[in-house]
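Overview (structure and organization)
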Amino acid sequence: MPEIEIDPTTRIEGHHATTLEVENGRVVRAESEMDMFRGIEGITAGRTPSDVPQVTQMVCGVCFTCHRQASILALEDAARRAGVFEGVPENGRLLRDIMEGTFLLWNHAVHLFVLAGPDYSDAVADTGYDRLDPVEGDGYQAALARQRELLQAFTEFGGRAPHPLTYAPGGVTADPDRETLATVRDTVESVSEWLGPTDALADTLERARDPDRGPPADDAPGVGGYDICSVLAAAADQVGADGFGVGPGRFYANGMFYGTGDESLVFPRGIYDGDGLREPTREELVAGITEEVGHAWYTADSGGSPADAPAPEPAPDKEGAYSWGKAPRFEGETMETGPLARLIAAKRDPAGLRERLGNGANASSTFNRLAARAQETLLVRDRLLEWLDAVDPDAPTTADWTDDFSGRGVGLWGASRGALSHWVDVEDGRVERYQIVAPTTWNLGPRDDDGQPSVFEAAVEGMAVPDVSDPTDVMRTVRSFDPCLGCAVHVESPEGRFETEIEPHAPGGGRA
């Protein structure tokens, strides 16, 4: 039986490997391997609550905003339960949403053009879409310029990127004036014009699918939307991505964005199990989440409910383990998370792309993950302009905050890559225990204690691999999740230096 080892997985964030067992041209077993130790939770111990977001955002240099946000939400939840915090002013909520939304547009552009997009370019896949060609394609280069503009706009409120300075328990310490708001709005409007209107999505896709029409001019409105639709056209028409990378069909979304309303969420919480959509309460979500470590390099007591489990304790020689990632479960089941899960929970399928080209709006596939990310880009863009208009430069952006409390809290948020949660215990003004459950562990974790494969492992098991020397569709599938291993596994040395040499790459010895 041939065995394929892909190490490293390229064009993703972080260190990941995949081992495939192939029989009669099909994958019969897949192992998703996260190749870095995760230890950020232990670094938070003993710190004051207001210090913790600065530490946790350094889990990753890509997903920095969402970790800071989830950390702050966890601390605010704990302080609220302790009776020492009443809530964030509306201006503070809006500025957080604006920064998170701007970051999401940046991140989705990185994914659609730099990380996953080349899989559907002419240079890589002979699709005819040379605007998508890495480095040299006109669409690729234009997207890089737009990404830079979005991060520059982000820093107007965040102070810097990565690792902003202004998110804080109680709100946002930035105090933008009208000129700054106008500057950011001009950038968002410019990017918006590049993307084109949401209601033009169907027509833009049809133009991308018609080689006789060709692309708009480089400076024409909507040219960026055309390039994104080129990714979708190649995936659907030439690659057949609607037919592979099919996960278990269960989806989970924490919800995200508070917008201009009350405590309701712009993208709601949801659990979809194939039979229907549940709209769980926050308490039901918190109660249903567990992490299993049967195939992870951690001690047995490192698993369980994140509300009670200690910081992960490494066990690098553990028999049967093959990943530094844990195996999160909701009520004992694997759950796919990400933009597709969020749009299923929100009952949104702009232009009916997933219904028409992806075998159903609620279906799991490599194509639908790409389509949902493109659709979410447009939906969030539409909201960003609304939120910018709602900011009152004369209103407060933060509330009073104290670290002097004891309590437990959970921060639920929707990172670009999916459902993110931070869990904290504070005792007498110091962090006693901390846990992070990241989107990539939901999607690309290892098997659980019962041997149930993760979402990615299940999505590639059964997939056709006609040429064992070129498992291209497996790579397209792993990239469709937009994995970020920095969020899933991490190490930091208190001495400021860390050196290691591992041979072979897997702890505990080589492979059979």
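Each value, and the rule that gives it
- Residues numbered from 1 in each chain as written.
- Predicted model: local features only at pLDDT ≥ 70, side-chain atom pairs only at ≥ 80, totals over all residues.
- Heavy atoms only, no water.
- Patch = residues over 30% accessible without salt bridge, like charges linked within 9 Å, V, L, I, M, F, W, Y side chains within 5 Å.
- Areas by Shrake-Rupley, 256 points an atom, 1.4 Å probe, with all protein chains shown as cover.
- Salt bridge = Lys/Arg side-chain N within 4 Å of Asp/Glu carboxyl O.
- Lys, Arg positive; Asp, Glu negative; His and termini not counted.
- Charge placed at Lys NZ, Arg CZ, Asp CG, Glu CD.
- Helix = DSSP H or I, 4+ residues; strand = E, 2+ residues; numbered from the N terminus.
- Buried < 20%, exposed > 50% of the residue type's maximum accessible area, 1.4 Å probe, protein only.
- Arc of directions from axis to C-beta.
- Pairing = 2+ DSSP bridges.
- Contact = heavy atoms within 4.5 Å.
- Axes fitted to C-alpha atoms, helices over the stretch in contact; angles between N-to-C directions.
- Polar contact = N/O pair within 3.5 Å; in protein donor to acceptor, adjacent residues only side chain to side chain.

On to a negative patch on the surface, then. Judged by side-chain charge, Asp-404, Glu-427, Asp-428 and Glu-432 come together as a negatively charged surface patch. Following the sequence through the fold, Asp-404 ends up in the loop between α13 (366–390) and β11 (407–415). Residue Asp-404 is classed as exposed on the basis of its relative accessible area of 61%.

With that settled, consider helix α8 (residues 201–209). Restricting attention to buried positions, one finds in α8 the residues Leu-201, Thr-204, Leu-205 and Ala-208. Axial view of α8: buried residues confined to an arc of 100°, hence all on one face.

Right, let's talk about the sheet that holds strand β6 (residues 251–253) for a bit. The three strands lie next to each other as β6-β7-β8, forming an open sheet whose pairing is antiparallel. One side of each edge strand has no neighbouring strand; the edge strands of this open sheet are β6 and β8 (277–278). The sheet contact formed by strand β7 (residues 270–272) and β8 spans two bridges and is antiparallel. Across the sheet, Ile-271 pairs through a bridge with Arg-278, a residue of β8. Running at roughly 85° to β6, helix α11 (residues 339–346) makes contact with β6, β7 and β8 of the sheet.

This brings us to the side chain of Glu-33. With respect to the helices, strands and loops of the structure, Glu-33 is situated in strand β3 (residues 26–34). Given the relative accessible area of 1%, Glu-33 is considered buried.

Let's shift gears to the environment of Lys-326. Among the structural elements, Lys-326 can be located in the loop between β9 (289–292) and β10 (327–330). We classify Lys-326 as buried; its relative accessible area is 3%. Sequence separation between Lys-326 and Gly-445 is 119 residues, and the spatial gap between their C-alpha atoms is 5.8 Å. For Lys-326, the contacting residues outside a window of four places in its chain are Glu-291, Glu-292, Val-293, Ala-296, Tyr-298, Ser-302, Pro-312, Gln-435, Thr-441, Gly-445 and Pro-446. Among the polar contacts made by the side chain of Lys-326, one reaches the side chain of Glu-291 at a distance of 3.4 Å. A polar side-chain atom of Lys-326 sits 3.0 Å from the main-chain carbonyl oxygen of Ser-302.

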